[in-house]
Structures are given as C-alpha cells and as structure tokens.
Amino acid sequence: MTTLPVTPAFNEKTGVATLTFNRPEVLNAIDVPMAQAFHHAVKDLAGKPGLRCVVLTGAGRAFMAGGDVASMSGSPVQAREAVNGMLDALIPAILKLRAMDAPVIAGVKGAAAGAGLSLALMADLIVAEESARFLIAYNGIGTVPDCGGTWFLPHKIGSARATEMMMLGRTLTAIEAKQWGLVTEVSPQGEFDKTLAAVVHRVANGPTKAFGAFRRLVDDASGSPLEAHLEAERQAFLKATESADFAEGVSAFLAKRPAAFSGK
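What counts as what
Residues numbered from 1 in each chain as written. Predicted model: local features only at pLDDT ≥ 70, side-chain atom pairs only at ≥ 80, totals over all residues. Heavy atoms only, no water. Helix = DSSP H or I, 4+ residues; strand = E, 2+ residues; numbered from the N terminus. Rg over C-alpha atoms; globule rule 2.2 N^0.38 Å. Buried < 20%, exposed > 50% of the residue type's maximum accessible area, 1.4 Å probe, protein only. Areas by Shrake-Rupley, 256 points an atom, 1.4 Å probe, with all protein chains shown as cover. Lys, Arg positive; Asp, Glu negative; His and termini not counted. Charge placed at Lys NZ, Arg CZ, Asp CG, Glu CD. Pairing = 2+ DSSP bridges. Core = buried A, V, L, I, M, F, W, Y, C linked by side-chain atoms within 4.5 Å. Axes fitted to C-alpha atoms, helices over the stretch in contact; angles between N-to-C directions. Contact = heavy atoms within 4.5 Å. Expected span 1.5 Å × (residues − 1).

Trainee: Would you mind showing me how to read the overall build of the protein here?
Mentor: Looking only at helices and strands, the protein has 10 helices and nine strands in total. The C-alpha radius of gyration of the protein comes to 18 Å, within 12% of the 18 Å expected for a compact globule of 264 residues. Sorting the 264 residues of the protein into buried and exposed places 48% on the buried side. Counting every atom, the protein has about 12000 Å² of accessible surface; 57% of that belongs to carbon and sulfur. Separation of charge centres in the protein, based on 25 positive and 25 negative side chains, amounts to 3 Å.

Okay, here's the thing in structure tokens:
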C-alpha cells in the first residue's frame, strides 16, 4: 500500500482536522509530490462542514526539515522547475488556509527548518516540544525564505530578530522561540500530545467565525498583502537559483560540508 506524503484525518465530532507531513525517512523534507498532496488536502478541507480547527504536524522525529534540496540540484533550469513545482501547490494552499475561519495550529517536534519554519509560522498558534528547534536554513543554500517566511517571521518576532535568524543562521530552541513570541506553548518531553490536545480543544471550542475574521483583520493590517508577498518571494528565490552561491550552497548541503560562498 502506498503511503501518502501528507496524511489527512478529520474528526467529525470535534471538527478537528489533522494534516500530517509523512516522509519521516527524510525528516519530512518537502518535494513536489508532497506539496501537491498538501494542496489537495487543504482543498478538501476548504468545503468541510463543521471544520473548527486545523492541526499541522509531522510524522517521526521532525515537523519538517525544509525543502528537498536534492530536487533543486543540477542546472538553474532544474532548480527553477523544482521550486515552481512546489510553490505552485504551496502558495494556493497557504492562501486557502489563511482564508478559512478555522484556526490553524502547528504541532512541532524536532526541526522546523526552511519551508518547515515558514509553514509553522503560517499557523495561528505553534505548540512545540521542549526539544524542538527553529531555523531559517535558506541562508545555508544561498537563497531567501519562501512560503511566507519573510512575511510571517518579521510580523511575529520583529525585523531585527528575523534578520538575526537569517544573517547569523541562528537556531532557536523551543524555549527561546517562546520568549521571542514565535511559539505559543512549550511542552515537556513526553507530554507533547497532551499539551497539543489541550490547546486544540480550547481553540476548536471557540468562536470559529470570529477567529477567522480576527486573522483576516490582522493580516490586512500587516502592510503588503500576503498573496503579493508570496509571489515576490518566489521571484527572489528563482533569481537566487541563477547565482554561484546557490549552486555552491546546494552542493555543500548534499555533500554535508560547510558552504564556501563567493558572493556571486
């Protein structure tokens, strides 16, 4: 039996939907099939009667370790095809989730890196296990965040701290992420499921339509529209794939060695 790269579940009694990133053998690194599966799952939820809350989580040891860098290796043309293939699915999925009334909660164990960080940030609330780690990671391959990372991160923790994470490659522990305002709740080791369930229960039993209206008001007050910003990120990412630093970053990542960037 084929395992879906994103496993959906919906509890009709509670109105809680769970979307699980399910490539644990690669720490749920996202590739085009996973991005498309995510978009398909979100589209299914958009018309779901009784939806009260959406939970995003990852199978195995990580929430998501970022994009599948191997799929971006080779020529700039191959990188562009891989990036566009993912973003063609991820951008509409993000916009659909943000347009819903149902709150979105990210349950993070292990790493939320690169696209994984962006998708966690896209959620309204983040519940993290004590051992979770949060990092931008895009600086390691010589490009910019996508999936709304450069829109959500400064809005949540401020531009100075977002710049520190990008330019200094700072990794935040779950405790630091909570102190910075990125994480809502930190669970002790071994109590993650219980902590996440408590937050989900509280939110799922709240005024769902009011929550949706609140999110849209906050998003509209944030300056540039998210939809326009997601496309601007895409163009900046694609431009970066033409650089020598991107080629070096991808090569270094795959070889598990430090990158030697030239600034070109």
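Trainee: Sorry, what's going on with the pairing of strand 4 (residues 104-108) here?
Mentor: The buried fraction of strand 4 amounts to five of the five residues, a majority that puts the element mostly inside the structure. Residues of strand 4 alternate between two faces, with Val104, Ala106 and Val108 on one and Ile105 and Gly107 on the opposite face, all of them buried. Summarising the sheet, strand 3 (residues 53-58) and strand 4 pair through four bridges and their orientation is parallel. Opposite Leu56, over in strand 4, you have Ala106 as the bridge partner. Examined bridge by bridge, strand 4 and strand 6 (residues 125-129) share four bridges and lie parallel to one another. In the sheet register, Val108 faces strand 6, and the bridge partner there is Ala128.

Trainee: I tried to follow the nonpolar core on my own but got confused; where do I start?
Mentor: Nonpolar side chains in soluble globular proteins tend to end up buried together. Counting residues in hydrophobic clusters, the biggest one holds 70 residues, and the most contacted among them are Phe38, Val108, Phe134 and Leu182. No other element matches the 11 residues that helix 2 (residues 76-99) contributes to this core. Of all hydrophobic cores here, the second largest spans 11 residues; its members include Leu196, Val199, Val200 and Ala204.

Trainee: How should I be thinking about the sheet that holds strand 1 (residues 6-11) in this particular structure?
Mentor: What links the strands of a sheet is backbone hydrogen bonding, and the strands pair in either a parallel or an antiparallel sense. Strand order in this open sheet of six strands is 1-2-3-4-6-9, and the pairing throughout is mixed. Whereas interior strands pair on both sides, the edge strands pair on one side only; in this sheet they are strand 1 and strand 9 (185-187). Neighbouring strand axes in the sheet, compared pairwise and without regard to direction, differ in orientation by 20° on average. Pairing geometry for strand 6 and strand 9, over three bridges, is parallel. In the sheet register, Ala128 faces strand 9, and the bridge partner there is Val186. Along the sheet face, helix 1 (residues 32-46) touches strand 1, strand 2 (16-21) and strand 3 and points at about 175° away from the line of strand 2. The strands touched by helix 7 (residues 192-204) are strand 2, strand 3, strand 4, strand 6 and strand 9; relative to strand 6, the strand with the most contacts, the crossing angle is about 165°.

Trainee: Explanation requested: the environment of Ser75 in the structure shown.
Mentor: Relative to the helices and strands, Ser75 resides in the loop between strand 3 and helix 2. Assessed through its relative accessible area of 29%, Ser75 is described here as partly exposed. Placed 167 residues apart in sequence, Ser75 and Glu242 show a C-alpha to C-alpha distance of 8.5 Å.

Trainee: What exactly am I supposed to notice about helix 10 (residues 244-255) here?
Mentor: Given 3.6 residues per turn, any residue in an α-helix points the same way as the ones three and four places further on. Relative to the 16 Å expected for 12 residues at 1.5 Å per residue, helix 10 spans 16 Å between its end C-alpha atoms, a close match to the ideal helical length. Buried residues in helix 10 make contact with helix 2 and helix 9 (226-240). Lys256 sits one or two residues past helix 10 and shows a positive phi near 60°.

Trainee: Looking at this model, I keep getting lost on the sheet that holds strand 7 (residues 133-135). Mind explaining?
Mentor: Spatially, the three strands line up as an open sheet ordered 5-7-8, and their pairing is mixed. Whereas interior strands pair on both sides, the edge strands pair on one side only; in this sheet they are strand 5 (111-113) and strand 8 (172-173). Against the sheet, helix 3 (residues 115-122) engages strand 5 and strand 7, with an angle of about 95° to strand 5.

Trainee: I would appreciate a short explanation of the side chain of Thr143 in the present structure.
Mentor: By the element assignment, Thr143 lies in the loop between strand 7 and helix 4 (149-157). Taking relative accessible area as the criterion, Thr143 reaches 4% and is therefore assigned buried.

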